[in-house]
Amino acid sequence: MAVDEGAAENVAMLGCSDFHAPIVCDFIDTLLRPKVPFGRSRQETDKTRRVVETVVNENRFCTAMLPRVSRTFALGIRLLPRSLEDPITIGYLLCRIADTIEDDRGLAPDRKLALLDQFRVCFGRADAAERYAADAGGAGMSAADRELVDGSSLVFRAYRSLDPASRGIIRE
């Protein structure tokens, strides 16, 4: 049995006999290999890892946007228990997106109503949320509000990552 080169071989050769070296090398190599949970393929595990990384990026966007679009609310959120920070941040940003559309003086009233109706649809349909940013907004937004509206699909993805109870409360 040939011993693989690499970190496992180097560790295995530290004081091991010729008989034990391949066994120890295989064991250490197994320990160093990325883990695939029992019953799941590597492809499924990689997909789960990408989903987790995506949620982290979406939550980072939400966390970064909060102080840019809110002066006082962002300070108060830090006083909440950690388990409430994400749902409250996401809920606030969703309300802020709708409020930004409603307050935009560059949009005609009928356009505002159409965008707010489209916004409501985004809670139930991911594809609508992905298109919303391209359709929303006008000339009357601040730079930070424009960035938030442009990132509305990220906020809706973060919303979808919340537990069902939190989503239900925000949706109501």
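Up top is the structure.
Just so you know, these numbers come straight off a predicted model, no measurement behind them. (Residues numbered from 1 in each chain as written. Predicted model: local features only at pLDDT ≥ 70, side-chain atom pairs only at ≥ 80, totals over all residues. Heavy atoms only, no water.)

Asks: Would you explain the pattern of salt bridges in this entry?
Replies: Here the idea is simple: oppositely charged side chains can pair when their charged atoms come close. Applying the stated criterion across every chain, the model contains 10 salt bridges. Here R68 ties to E147 by a salt bridge, and the two come within 2.2 Å at their closest N and O atoms. Of the two residues, R68 sits in helix α3 (residues 42-69) while E147 sits in helix α8 (residues 143-150), which places them 79 residues apart along the sequence. The class of R68 is partly exposed, set by a relative accessible area of 43%. Since its relative accessible area comes to 33%, E147 is described here as partly exposed. Between D117 and R120 there is a salt bridge, with its nearest N and O atoms 3.3 Å apart. (Salt bridge = Lys/Arg side-chain N within 4 Å of Asp/Glu carboxyl O. Helix = DSSP H or I, 4+ residues; strand = E, 2+ residues; numbered from the N terminus. Buried < 20%, exposed > 50% of the residue type's maximum accessible area, 1.4 Å probe, protein only.)

Asks: Can you walk me through the packing of aromatic side chains in this structure?
Replies: We describe a pair of aromatic rings using the distance from one ring centre to the other and the angle between the two ring planes. According to the stated counting rule, one finds seven aromatic pairs in the structure shown. Between F119 and F123, the ring centres sit 5.5 Å apart and the planes meet at 90°, which makes this aromatic pair edge-to-face. Owing to a relative accessible area of 15%, F123 belongs among the buried residues under this scheme. Taking the centre distance of 5.2 Å and the plane angle of 90° together, the rings of F123 and Y159 count as edge-to-face. Of the two residues, F123 is situated in the loop between α6 (109-122) and α7 (126-135) and Y159 in helix α9 (residues 152-160); the sequence distance between them amounts to 36 residues. Three or more aromatic residues joined by ring pairs make a cluster, and in this case those are F119, F123, Y132, F156 and Y159. (Phe/Tyr/Trp six-rings, centres within 6.5 Å; stacked < 30°, edge-to-face > 60°.)

Asks: What is the right way to read the environment of L148 from this model?
Replies: Note that L148 resides in helix α8. As for L148 and I97, which are separated by 51 residues in sequence, their C-alpha atoms are 6.9 Å apart. Excluding its chain neighbours within four sequence positions, the residues that come into contact with L148 are F61, M65, V69, L93, R96, I97 and V155. (Contact = heavy atoms within 4.5 Å.)

Asks: Honestly, the packing of α7 against α9 in this entry has me stumped. Any pointers?
Replies: Helix packing for two helices is described by the angle between their axes and how far apart those axes are. Packing of α7 against α9 brings their axes to within 7 Å, and their N-to-C directions diverge by 155°. When the axes of α7 and α9 are compared, the pair comes out roughly antiparallel. The residues of α9 that touch α7, namely those facing A126, A129, E130, Y132 and A133, are S152, S153, F156, R157 and R160. (Axes fitted to C-alpha atoms, helices over the stretch in contact; angles between N-to-C directions. Parallel < 35°, antiparallel > 145°, perpendicular 65-115°, else oblique.)

Asks: Where do I start with the nonpolar core in this structure?
Replies: The tendency in soluble globular proteins is for nonpolar side chains to be buried as a group. L93, L94 and V155 are the most contacted members of the largest nonpolar core, which has 33 residues in total. If you list the elements that add at least two residues to this core, you get α3, α4 (73-77), α5 (82-103), α6, α7, α8 and α9. Among the elements that take part in this core, α5 stands out by supplying seven residues, more than any other. The residues touching V155, leaving out its near neighbours within four places in the chain, are F61, C62, I90, L93, L94, I97 and L148. (Core = buried A, V, L, I, M, F, W, Y, C linked by side-chain atoms within 4.5 Å.)

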